[in-house]
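Notes for the structure review
The chain contents come next:
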Amino acid sequence: EMPKGTASIQVIDRSAALIDAIAATEHPVSLKILSAETGLHPSTAFRILAALAEVGFIEKDAAGRYMLGRKLVHLAERVRRGVDVRREAMDIMEGLRDEIGETVNLTVREGDEVIYVERVSPRRMMRVEQVIGSRAPLHVTAVGKLLLGQLGDGFVKAYAERTGLPAYTRHTITDAVELGRAAQAAVAVGYALDNEEAEEGVGCIGTLVRDGTGQVAAGLSISAPMERCRDAWIPLVREAGRRLSERLGYRGR
C-alpha cells in the first residue's frame, strides 16, 4: 500500500507511484511490470494509466507499453526555464568574455523592458557598466529589438504608442515604422546591433536564447565601447546563444 501523508488523496498517490515507476526505467514498461512495481491491482493500474494518458502525462507505444508523455516533458521544460537559464549560462558567458575580452550580459523580457539578470565583465577599467537588475526599454537594446521582431508588427505598433519611443541618445530609433523594419531585419539574420542607441559611445551585439518548448528564454549580448566593437564577434555571440539554447533543451535550427 502507498504511504499516506496527511493531505494525501489515494488516486493521486497511485498516479504518482505509476509515473515514478515509468520514469525509473529507460524503456516503455508493460502493465504487468507497473502493477508489480506499485503493488496495484492490474485493473486499478490500467484505469489510472488510461486517465493519465487522456491528459497527456503518459503515452502508450505500439505494443501497449507505457512511457512518459510529452505534456510532462513540456511542463518540466517550463520549470527548467525559470531555474536554469542563469546557472546554465554562466560558463558560456565567461567563455565568450574571455574570447573577446568584453562584457557579456544575460537579459530577460518583462513587459516593455529587458532586465539584466547576469553579467560577466573583463578585469579592466574601461568597460560598460550594466548593473544586474537594471532595466532598459526594448527599442534601445539589441536583444530588445529581436524581442520586438518576435512579438510582431502589432506589438511594435502598440509598444510605440504606449511608450512614445523616447530617445536615449541621438542614435535611438524613435519612429515606429523604422523600428518595426529594424526588428524584422534582426530576426531574419538572428542577431541585432545597438549602435550607441542606449548610451553614447557604447555598442552592443545581441542574440536570442530559446528553451525546449521553442519559447524565447533570454537574450545574450556583449557590450563594448564603439571603437572596440568588431563585426567578427557576431558569429561568436550567435554560437554562444545557440549553445545555451541547446543546453536548455532547444532542438530547432
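Throughout what follows, the structure given in this document is the object of discussion.

On to the overall build of the protein. Secondary structure summary: the protein contains 8 helices and 8 strands in total. Relative to a compact globule of 253 residues, whose C-alpha radius of gyration would be 18 Å, the protein shows 24 Å and is clearly more extended. Principal-axis analysis of the C-alpha atoms places the extent of the protein at approximately 75 × 40 × 40 Å. Looking at the protein as a whole, 43% of its 253 residues are labelled buried.

Take the side chain of Glu-197 next. As for its position among the elements, Glu-197 is in the loop between β6 (192–195) and β7 (202–210). Engagement of the side chain of Glu-197 in a polar contact is seen with the side chain of Lys-145, the distance being 2.9 Å. Contact partners of Glu-197, with chain neighbours within four places excluded, come to His-139, Val-140, Lys-145, Tyr-168, Thr-169, His-171, Thr-172 and Ile-173.

Here we take up the pairing of strand β3 (residues 103–110). Side-chain direction in a regular strand flips from residue to residue, so the side chains alternate between the two faces of the sheet. In this structure, β3 lies alongside strand β8 (residues 216–225), joined through 5 bridges in antiparallel fashion. By the bridge assignment for β8, Leu-106 is matched with Leu-220. In this sheet, strand β4 (residues 113–120) lies alongside β3 in antiparallel orientation, the contact comprising 7 bridges. The residue bridging Asn-105 from the neighbouring strand is Arg-119, located in β4. Here β3 hands over to β4 after 2 residues, with Gly-111 in that stretch at a positive phi of 65°.

This next bit is on the pattern of salt bridges. Considering all chains together, one arrives at 15 salt bridges under this definition. In this structure, Asp-98 and Arg-97 form a salt bridge, with 3.0 Å as the shortest nitrogen-oxygen distance. Accessibility expressed as a relative area gives 56% for Asp-98, which makes it exposed. Through salt bridges with shared partners, a single network forms among Glu-88, Asp-91 and Arg-247.

Look at helix α2 (residues 31–38) against helix α3 (residues 42–54): their axes get within 9 Å of each other, and the N-to-C directions meet at 110°. Relative to α3, the element α2 lies roughly perpendicular. Across the interface between the two elements, Leu-31, Leu-34 and Ser-35 from α2 touch Pro-42, Ala-45, Phe-46 and Leu-49 from α3. Residue composition of the contact of α2 with α3, grouped by class: 6 nonpolar, 1 polar and no charged.

Now for helix α1 (residues 10–23). Counted at 1.5 Å a residue, the expected span for α1 with its 14 residues is 20 Å, and the 20 Å between its end C-alpha atoms agrees. Here α1 has its buried residues at Asp-13, Arg-14, Ser-15, Ala-17, Leu-18, Ile-19, Ala-21 and Ile-22.

The strand order β5-β4-β3-β8-β7-β6 describes an open sheet built from 6 strands, whose pairing is antiparallel. The strands lining the two open edges of the sheet, one partner per strand, are β5 (135–137) and β6. The mean inter-strand angle of the sheet, taken between neighbouring strand axes irrespective of direction, is 30°. Sitting on the sheet, helix α8 (residues 234–247) is in contact with β3, β6, β7 and β8, with an inclination near 30° to β7.

Criteria and cut-off values
Residues numbered from 1 in each chain as written. Predicted model: local features only at pLDDT ≥ 70, side-chain atom pairs only at ≥ 80, totals over all residues. Heavy atoms only, no water. Helix = DSSP H or I, 4+ residues; strand = E, 2+ residues; numbered from the N terminus. Rg over C-alpha atoms; globule rule 2.2 N^0.38 Å. Buried < 20%, exposed > 50% of the residue type's maximum accessible area, 1.4 Å probe, protein only. Polar contact = N/O pair within 3.5 Å; in protein donor to acceptor, adjacent residues only side chain to side chain. Contact = heavy atoms within 4.5 Å. Pairing = 2+ DSSP bridges. Salt bridge = Lys/Arg side-chain N within 4 Å of Asp/Glu carboxyl O. Axes fitted to C-alpha atoms, helices over the stretch in contact; angles between N-to-C directions. Parallel < 35°, antiparallel > 145°, perpendicular 65-115°, else oblique. Nonpolar A, V, L, I, M, F, W, Y, C, P; charged D, E, K, R; others polar. Expected span 1.5 Å × (residues − 1).

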